[in-house]
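Observations on chain architecture
Each chain, letter by letter, is given below.
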Amino acid sequence: MKQLIVFFCLILSFARVQAQDSFEKSLQKHISVLTAPRMQGRATGTRGEALAAEYISAQFSEAGLELLYPKGYQDFSIADPVTGDTLYSRNIVAVVQGYDPKLREEYIVVGAHYDHLGSYTMKVNGRDSLCIYSGADANASGTAALLELAKAAQGRSFMYKRSIIFVAFGAGEKGSMGSWYFANRAFPVSSVRMMLNLDRMGRRTFDNSPMVFTGVPHYESERLLRQVAMQPYMPPVTVFGTDYFASDHQAFIEKGIPVCLFTTGLHPHQQTLRDTPEMMDFSQMDAFCQYISAFIMEAANAPEDLFRFEKAPAPAGTGGDNPVFAYSEVDVQPRFLNADIQSFVDKWIYKYLEYPREAVKEGIRGRVMVSFIVEADGQITQVEVTRSVHPLLDNEAIRVISASPKWKPGEKSGKKVRVKIVVPVYFELTRNR
């Protein structure tokens, strides 16, 4: 039996290595095609962008994905903010159907914009020279990752309860208009449970390593993202409960949909002629894609709690002379021991939380959601349960949060303000403390 187990482990390890090798080579191929001179920098509304769209559509079709719309093209037009001309662009949309009869009507959207800055002509030694913005990292890298993740998902569609929508957005460099059109005009986003955005995924330096941003604090997503990073063979990935840069995920945040921005970050070569394939770290891209693929699997099969979007109890500026702001609305967010909310959860809540003996005896477990206000003087007030599990667990969660030391208060427009925060408190019988 022991030999049999070892044999199967070797097979799985070999299969994974083979998949990674194939992944890496395919990423190189996609970026090479998308940054080729014939694409002319893929500027919105140009022949180069249309050629890129044709390539993406063909890749989806070859992988066996179901294309929504003819060839997957979701056409739209925008007014160029500089020239006023009408620009025609398109999203390319494909779906991997989930197997669950009910949950297959819910969708995880995975997206990346494929356009870039185009080209321009300059004089070199008295001659015209065409300069092309290749946009290898921004965002041929995200597009390449999108294609490989789509192929991987199609190959194991029988394992997904929910359906996965893969979208290559046009006009990303024109205010992310492709994602805005998809979220506001072209798809029933009420059925979208989460959006994963792939943007600038190819660079790895001391300052550029795999990161995930949830846009606003979203504890269920952050927790699952960290759990996936702890799986065997996964690369180190840093998770942030904040936003990073403007991109296609923001149209979904505005709709109250949880998001994840996967990126290796900003760098000096982006938006320059030096953003070329030679600057890419394909091995790192491969590892990052393996991580994202694992997260897609988890999200497609996750319980509904993952997709609840905790909204602020009151919009900015309300509450009379002493308003309460959401965590995402302030200029400077409250800090616990000069760190973020996750530090409060890890270093305070779970350090001093006591699992009630009676709850352990009865097998009571679950997630209690607790809201509280960080006052302008840093005190914690109005600690309340917003989602109950059981009085024993509710009361313990309130107790430990109410005992919190002072925070560094949040600020808006240079003034210290009251900020409302909502955190989850997990009571798990398997938790090691």
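See the structure above.
A few points on the structure.

The rules behind these values
Residues numbered from 1 in each chain as written. Predicted model: local features only at pLDDT ≥ 70, side-chain atom pairs only at ≥ 80, totals over all residues. Heavy atoms only, no water. Pairing = 2+ DSSP bridges. Helix = DSSP H or I, 4+ residues; strand = E, 2+ residues; numbered from the N terminus. Salt bridge = Lys/Arg side-chain N within 4 Å of Asp/Glu carboxyl O. Buried < 20%, exposed > 50% of the residue type's maximum accessible area, 1.4 Å probe, protein only. Axes fitted to C-alpha atoms, helices over the stretch in contact; angles between N-to-C directions. Parallel < 35°, antiparallel > 145°, perpendicular 65-115°, else oblique. Left-handed = near helix turned anticlockwise from the far one by under 90°. Contact = heavy atoms within 4.5 Å. Nonpolar A, V, L, I, M, F, W, Y, C, P; charged D, E, K, R; others polar. Phe/Tyr/Trp six-rings, centres within 6.5 Å; stacked < 30°, edge-to-face > 60°. Lys NZ or Arg CZ within 6 Å of the ring centre and 35° of its normal.

1. Examining the pairing of strand β5 (residues 119-124)
Looking at chain direction, β5 and strand β6 (residues 127-132) are connected through six bridges and run antiparallel. Paired with Val124 across the strands is Arg127, a residue of β6. Between β5 and the antiparallel strand that follows it, β6, lie two residues; Asn125 among them carries a positive phi value of about 55°.

2. Notes on the pattern of salt bridges
Counting across every chain of the model gives 15 salt bridges. In this structure, the salt-bridge partner of Arg162 is Glu106, at a minimum N-O distance of 2.8 Å. Taken as a pair, Arg162 in the loop between α3 (136-155) and β7 (163-169) and Glu106 in the loop between β3 (86-96) and β4 (107-113) lie far apart in primary sequence, 56 residues in all. On the basis of relative accessibility, which here comes to 2%, the residue Arg162 falls in the buried class. Where Lys151 meets Glu148, a salt bridge forms, and the shortest distance between an N and an O atom there is 3.5 Å. With Lys151 and Glu148 both in helix α3 and three residues apart, this pair spans about one turn of that helix. Overall, the relative accessible area of 29% leaves Lys151 in the partly exposed class.

3. Details of the packing of helix α5 (residues 219-229) against helix α7 (residues 282-300)
With their axes 10 Å apart at the nearest point, α5 and α7 run at an angle of 130° to one another. Classified by the angle their axes make, α5 and α7 are oblique. For the crossing formed where α5 meets α7, the hand is right-handed. Only Tyr291, Ala294, Phe295, Glu298 and Ala299 of α7 make contact with α5, whose side of the interface consists of Leu224, Leu225, Val228 and Ala229. Of the residues belonging to the contact of α5 with α7, the class tally is eight nonpolar, no polar and one charged.

4. Some remarks on the environment of Gly265
Assignment of secondary structure puts Gly265 in the loop between β11 (259-263) and α7. Given the relative accessible area of 0%, Gly265 is considered buried. Residues Gly265 and Phe245, 20 residues apart in the sequence, show an inter-C-alpha distance of 9.0 Å. Residue contacts for Gly265: discarding those within four places in its chain leaves Asp137, Arg200, Asn208, Met211 and Tyr244.

5. Structural notes on the environment of Ile364
Residue position: Ile364 is located in the loop between α9 (357-362) and β13 (366-374). Separated by 29 residues in the primary sequence, Ile364 and Leu393 place their C-alpha atoms 8.2 Å from one another.

6. Thoughts on the packing of aromatic side chains
Applying the stated criterion across every chain, the model contains 21 aromatic pairs. With a centroid separation of 6.1 Å and 70° between ring planes, the pair formed by Phe169 and Phe182 is classed as edge-to-face. Here Phe169 is found in strand β7, whereas its partner Phe182 is found in helix α4 (residues 177-186), with 13 residues between them in sequence. As far as the burial class goes, Phe169 and Phe182 line up, both buried. Note on Phe262 and Tyr291: the rings are 6.4 Å apart at their centroids and 65° apart in plane angle, and the pair reads as edge-to-face. You can see Phe262 sitting in strand β11 and its partner Tyr291 sitting in helix α7, a full 29 residues away along the chain. The same class applies to Phe262 as to Tyr291, namely buried. One aromatic cluster is present, formed by Phe336, Phe344, Trp348, Tyr352, Phe372 and Trp407 through successive ring pairs. A cation over a ring is seen here: Arg90 above Tyr73, with NZ or CZ 3.9 Å from the ring centre.

7. Points about the packing of helix α8 (residues 341-352) against helix α10 (residues 391-402)
Interaxial distance between α8 and α10 falls to 9 Å at its minimum, and their mutual angle equals 120°. If you check the angle between α8 and α10, you find them oblique. Note that α8 runs across α10; the crossing there is right-handed. Between α8, through Phe344, Trp348, Ile349 and Tyr352, and α10, the contact on the second element is made entirely by Glu396, Arg399, Val400 and Ile401. Looking at side-chain class alone, the contact of α8 with α10 contains six nonpolar, no polar and two charged residues.

8. Observations regarding the side chain of His30
Along the chain, the position of His30 falls in helix α1 (residues 2-34). Discounting chain neighbours no more than four positions away, the residues touching His30 are Tyr55, Gln59, Ala144, Leu147, Glu148 and Lys151.

9. So, unusual backbone geometry
Residue Ala138 is joined to Asn139 through a cis peptide bond whose omega torsion reads 5°. Tracing the backbone through its elements, the reader meets Asn139 in helix α3. The residue Ser176 is not glycine, and still its phi comes out positive at about 55°. At Leu337, a residue that is not glycine, the phi angle is positive and equals roughly 50°. Its location among the elements puts Leu337 in the loop between β12 (324-326) and α8.

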